[in-house]
Amino acid sequence: MADLKARPRPTGATAVLGRTGFPHVTSATKGEIDIVTAPSQPGFNPLDLLYSSLSACLVLSARIAASQMGILDKISEITAEVTGEKATEGLSRVAKFNIAFSIKGDIDEETRQKIAHAAEEEICTVSNTIRGNPEFSTTISG
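Small disclaimer: the values here were computed from a predicted structure and weren't measured.

This part is about the overall build of the protein. Across its full length, the protein holds 3 helices and 5 strands. Shown N-terminal to C-terminal, the secondary structure of the protein runs as helices and strands in the order β-β-β-α-β-β-α-α. For the protein, the spread of C-alpha atoms along the principal axes amounts to about 55 × 35 × 30 Å. The buried share among the 142 residues of the protein stands at 20%. Taking the intrachain contacts of the protein between residues at least 6 apart in sequence as the baseline, contacts between residues at least 24 apart amount to 42%.

Below, the discussion takes up the environment of Ile75. Secondary-structure assignment places Ile75 in strand E4 (residues 75-86). Along the sequence, Ile75 and Gly132 sit 57 residues apart, while their C-alpha atoms lie 30 Å from each other. Excluding anything up to four places from it in sequence, Ile75 contacts Ala66, Ile103, Lys104, Gly105, Ile107 and Ile115.

Turning next to the layout of surface pockets. Remark: the empty space left among the atoms is shown by a probe the size of a water molecule rolled over them. Considered as a void within the structure, the second largest pocket measures approximately 190 Å³ in volume. Together, Val25, Ile33, Leu49, Ser52, Ser53 and Ala56 line the second largest pocket. No other element matches helix H1 (residues 46-68), which puts 4 residues into the lining of the second largest pocket.

Taking 1.5 Å of rise per residue, 23 residues should cover 33 Å, and H1 covers 33 Å from first to last C-alpha, within 8% of that figure. Among the residues making up H1, those that are buried are Tyr51, Leu54, Ser55, Cys57, Leu58, Ser61, Ala62, Ala65 and Ala66. Buried residues in H1 make contact with E4, strand E5 (94-105), helix H2 (109-123) and helix H3 (125-131). The backbone nitrogen of Leu47 lies 2.9 Å from a side-chain oxygen of the residue at the head of H1, namely Asn45. Two residues or fewer after H1 comes Gly70, characterised by a positive phi angle close to 75°.

Tallying each qualifying case throughout the model produces 4 salt bridges. Notably, a salt bridge pairs Arg131 with Glu121, separated by 3.1 Å at the nearest N-O pair. Here Arg131, found in helix H3, pairs with Glu121, found in helix H2; they are 10 residues apart in sequence, far enough to count as distant. Here Arg131 falls in the partly exposed class, since its relative accessible area comes to 47%. A cluster of three or more residues bridged by salt bridges with shared partners is formed by Glu120, Glu121 and Arg131.

Reading guide: rules and limits
Residues numbered from 1 in each chain as written. Predicted model: local features only at pLDDT ≥ 70, side-chain atom pairs only at ≥ 80, totals over all residues. Heavy atoms only, no water. Helix = DSSP H or I, 4+ residues; strand = E, 2+ residues; numbered from the N terminus. Buried < 20%, exposed > 50% of the residue type's maximum accessible area, 1.4 Å probe, protein only. Contact = heavy atoms within 4.5 Å. 1 Å grid on protein atoms, 1.4 Å probe; cavity = no way out; pocket = protein on both sides within 12 Å on 5 of 7 lines; lining within 4 Å. Points joined across faces, edges and corners; volume = space filled by probe spheres on them. Expected span 1.5 Å × (residues − 1). Polar contact = N/O pair within 3.5 Å; in protein donor to acceptor, adjacent residues only side chain to side chain. Salt bridge = Lys/Arg side-chain N within 4 Å of Asp/Glu carboxyl O.

The structure is reproduced here in structure tokens:
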């Protein structure tokens, strides 16, 4: 089911931070977002962006799964709420992702399960990457 043929799209992001202030991030396609860090500030912090990436990828992947199953016309709305639990020991990281899917439409529970499984386990690039062990290639300049 995960045999997808996506058109290439520039990907990547650049964050810039001065001696003071907050990071400003620009995507390869010129999207922009300012990052916040204070608990009461509205906006996205780095963890919010991680959860946002996963939730967006999951709903898009669920729609793809429903389309591949030939039932997209029966779906009215797909929601994926993603939160996480930080590790209490070791490196600072998310130890557990909590995903709550809502798939509304004229389908049964078994079909909802199949859509969610395909989205999370097969189609979503973000969930597949998080589950894997991606390699990091870093360069440093002045």
